[in-house]
Amino acid sequence: MITRLIHTTTLAATVAVTLVGCAGPADDRAETAGDDGAVELTSCGVDLTVDGTPERAVTLEQGATEVMLALGLQDRMIGTSYLTDAVAPEYRDAYEEIPVLADQYPSTEQLRGAAPDFVYSMRASAFASDAAGDRRELVDLGVPAYLSANDCEDPSLIPDEVGFDAILDEVADIAEVFGVEERGRELVAEQRSTLDAVTADAAATGNPSIMWLYSSIDGAPVVAGADGLAQTMSDVAGATNVFEDLDGQWGETSWDEIAQRDPDVIVLADLSRGLPGDSAEDKADQLRDDAVTQALSAVERDRLVAVPATELDPSVRSIDALETVSDALQDHTEDQR
């Protein structure tokens, strides 16, 4: 957690933030405040010092946007960008009030033109040179740039397991930076309660097999491997990922290989970008119509579970995917009795 002290000065009209960058382990999160009462924390090896509560925050993609909205911080946001999926219904009205800087990542010029006093992303790709620009460049401008521990620019700083602790630590960080610690604690407690409930239910599942199907564009199915959040959710919910031997978070396989592994439950990522085969409904139709996959146990027993694709990336909404999958596993267990 980070530590916040009472500020002795008020926030300037736009930017009243200093940031110092240095290398360090991803989990080396600062516990002290600066001598001037600033909030200090470490984000993917970069030490951040926030001298005043940000008033002009910009989020660079959907995950960061929804963390801010979950904490009720829409009035502190002057820009957002890059939706990969539909905004959660509970955040939609608040989201509509925030200017969209770009359909995908804003350029360096677009971001600087917005004059932010805090920049936040859950994806390292947002800080690429052909996107919003290197985080160190933002440091030179005196603007703090927070990046999720689950996707650091330096892969060696990313935790070995893509898990929920990092997500909840991040929620706590953002809550303290913006002075909404109580709401942050409430949100973390809500999600930990769900985690505890799913963990307790996992003991009764009987360890069914599960597959996570993200896409099948150009014919090659993309499934969850051993290194991502889907693997963590499989473990927590009491299931075995049938492709846990596949290196990486996601990777290509074949329909024949899927048929050989014959998962008990199949999770279908529901993408809203509009390409053929993206929606969960399209994926389900394909599985039911194909001669190879229509005989899968999960297809025959209708154990096809639709989950918004954005919930399969580490975010404040990932807990919803975990709960949805846990419920499906419990239903499968009841059917087996």
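Just above sits the structure.
Attention in this report is confined to the structure presented alongside it. Here the structure is a predicted model, which is why all the values come from computation and not from measurement.

Quick look at the overall build of the protein
And step 1. Along the protein, the regular secondary structure elements total 11 helices and 14 strands.
And step 2. Considering the protein as a whole, with its 337 residues, one finds that 54% of them fall into the buried category.
And step 3. Of the contacts formed within the protein by residues at least 6 apart in sequence, a portion of 66% connects residues at least 24 apart.

Notes on the packing of aromatic side chains
And step 1. Throughout the structure, instances matching the rule amount to four aromatic pairs.
And step 2. Their ring planes at 85° and their centres at 5.5 Å tell us that Tyr120 and Tyr146 sit as a pair that is edge-to-face. Note that Tyr120 is positioned in strand 7 (residues 118-121) and Tyr146 in strand 8 (residues 145-147), a separation of 26 residues in sequence.
And step 3. Note on Tyr120: relative accessible area 0%, which makes it buried.
And step 4. Overall, the relative accessible area of 5% leaves Tyr146 in the buried class.
And step 5. With 5.0 Å between their ring centres and 55° between their planes, Tyr214 and Trp250 make a pair best called tilted. Here the residue Tyr214 occupies a position in strand 9 (residues 209-215), and Trp250 occupies one in strand 12 (residues 250-252), the gap between them amounting to 36 residues.
And step 6. One Lys or Arg, Arg135, reaches over the ring of Phe127 and ends 6.0 Å from the middle of that ring.

A look at a negative patch on the surface
And step 1. Where like charges cluster on the molecular surface, the negative patch consists of Glu90, Asp201, Asp320, Glu323, Asp327 and Asp331.
And step 2. Here the negative patch takes four residues from helix 11 (residues 318-336), the largest share from any one element.
And step 3. If you trace the backbone, Asp201 turns up in helix 6 (residues 181-202).
And step 4. We classify Asp201 as partly exposed; its relative accessible area is 36%.

Focus: the nonpolar core
And step 1. If you look at the biggest cluster of nonpolar residues, it comprises 61 residues, and the most contacted ones within it are Leu71, Tyr120, Ile174, Phe178 and Trp212.
And step 2. The element best represented in this core is helix 5 (residues 164-177), accounting for seven residues.
And step 3. Those residues within four positions of Trp212 in sequence are excluded, and the remaining contacts are Val222, Val223, Ala224, Ala230, Met233, Ser234, Asn241, Trp250, Val267, Leu312 and Val325.
And step 4. By size, the runner-up hydrophobic cluster in this structure holds 19 residues, among which are Ala124, Leu138, Val143 and Leu157.

A look at the state of the cysteines
And step 1. Applying the stated criterion to the full structure yields one disulfide.
And step 2. The disulfide partner of Cys44 is Cys152, and the S-S distance across this bridge is 2.0 Å. Around the S-S axis, the bridge from Cys44 to Cys152 shows a dihedral of about -80° and counts as left-handed. Here Cys152 lies in the loop between strand 8 and helix 5 and Cys44 lies in the loop between strand 2 (39-43) and strand 3 (46-50), a separation of 108 residues in the sequence. The exposure classification of Cys44 matches that of Cys152, with both residues buried.

Some remarks on the side chain of Thr205
And step 1. Relative to the elements of secondary structure, Thr205 occurs in the loop between helix 6 and strand 9.
And step 2. In this structure Thr205 comes out as buried when scored by relative accessible area, which is 6%.
And step 3. A distance of 2.6 Å separates a polar side-chain atom of Thr205 from the backbone oxygen of Gly238.
And step 4. Discounting residues that sit within four places of it in the chain, Thr205 has contacts with Ala237, Gly238, Leu329, Gln330 and Thr333.

Remarks on the pairing of strand 3
And step 1. Here strand 3 lies mainly inside the structure; four of its five residues are buried.
And step 2. In this sheet, strand 3 lies alongside strand 2 in antiparallel orientation, the contact comprising five bridges. By the bridge assignment for strand 3, Ser43 is matched with Val46.

Digging into the pattern of salt bridges
And step 1. If you walk through the whole model with that rule in mind, you get 12 salt bridges.
And step 2. Residue Arg317 pairs with Glu311 through a salt bridge whose shortest N-O separation is 3.4 Å.
And step 3. Given the relative accessible area of 5%, Arg317 is considered buried.
And step 4. Shared partners join several salt bridges into a network, and the residues in it are Glu66, Glu311 and Arg317.

Considering the sheet that holds strand 5 (residues 77-81)
Each strand in a sheet pairs with its neighbour through backbone hydrogen bonds, running either in the same direction (parallel) or in the opposite one (antiparallel).
And step 1. Spatially, five strands are ordered 6-5-4-7-8 in an open sheet, and the strand pairing comes out parallel. Each edge of the sheet is formed by a strand with only one pairing partner; in this case those strands are strand 6 (100-102) and strand 8. Strand after strand, the sheet turns through a mean of 25° between neighbouring axes, direction not considered.
And step 2. In the sheet, strand 4 (residues 57-59) pairs with strand 7 via three bridges, with the strands oriented parallel. When the bridges of strand 7 are listed, Ala57 appears paired with Phe118.
And step 3. Against the sheet, helix 1 (residues 62-70) makes contact with strand 4, strand 5 and strand 7, and its axis sits at roughly 145° relative to strand 5, the strand it touches most.

So, how was this worked out
Within each chain, residues carry numbers counting from 1 in the order of the written sequence. Note on the predicted model: pLDDT of at least 70 is required for a residue's local features to be given, and 80 or more for side-chain atom pairs to be given and counted; whole-chain, interface and lining totals, by contrast, use all residues. The side-chain values count all of the structure's non-hydrogen atoms but skip hydrogen atoms and water molecules. Per the convention used, a helix needs a DSSP run of H or I reaching at least four residues, while a strand needs a run of E reaching at least two, with both numbered from the N terminus. Only protein chains enter the calculation, and the probe is 1.4 Å; a residue is then buried if its accessible area is under 20% of its type maximum, exposed if over 50%, and partly exposed in between. Two residues form a contact once any of their heavy atoms are found within 4.5 Å. For Phe, Tyr and Trp, where Trp contributes only its six-membered ring, two rings pair if their centres lie within 6.5 Å, and the inter-plane angle classes them as stacked under 30 degrees, edge-to-face over 60, or tilted in between. Geometrically, a lysine NZ or arginine CZ counts as sitting over a ring once it is within 6 Å of the ring centre and also within 35 degrees of the ring normal. Grouping into patches uses exposed residues only, defined as over 30% relative accessible area, and leaves out salt-bridged ones; the cut-off is 9 Å for like charges and 5 Å for nonpolar side chains (Val, Leu, Ile, Met, Phe, Trp, Tyr). Note on areas: Shrake-Rupley, 1.4 Å probe, and residue coverage restricted to the protein chains presented here. Salt bridges, as used here, are contacts in which a Lys or Arg side-chain nitrogen is within 4 Å of a carboxyl oxygen on Asp or Glu. Asp and Glu count as negative and Lys and Arg as positive, but His and the ends of the chain are not part of the count. Each charge is placed at NZ for Lys, CZ for Arg, CG for Asp and CD for Glu. Joining through side-chain atoms within 4.5 Å is the link that ties buried Ala, Val, Leu, Ile, Met, Phe, Trp, Tyr and Cys residues into a set, and such a set is a nonpolar core. For this text, the term disulfide refers to a pair of cysteine sulfurs within 2.5 Å. Polar contacts, as counted here, are pairs of nitrogen or oxygen atoms within 3.5 Å of one another; within protein the pair requires one atom able to donate a hydrogen and one able to accept it, and residues that are adjacent in sequence qualify only if both atoms are side-chain atoms. Between any two strands, pairing holds if DSSP finds at least two bridges. Every angle, taken between N-to-C directions, lies between 0 and 180 degrees, and every axis is a line fitted to C-alpha atoms, over only the stretch in contact when it is a helix.

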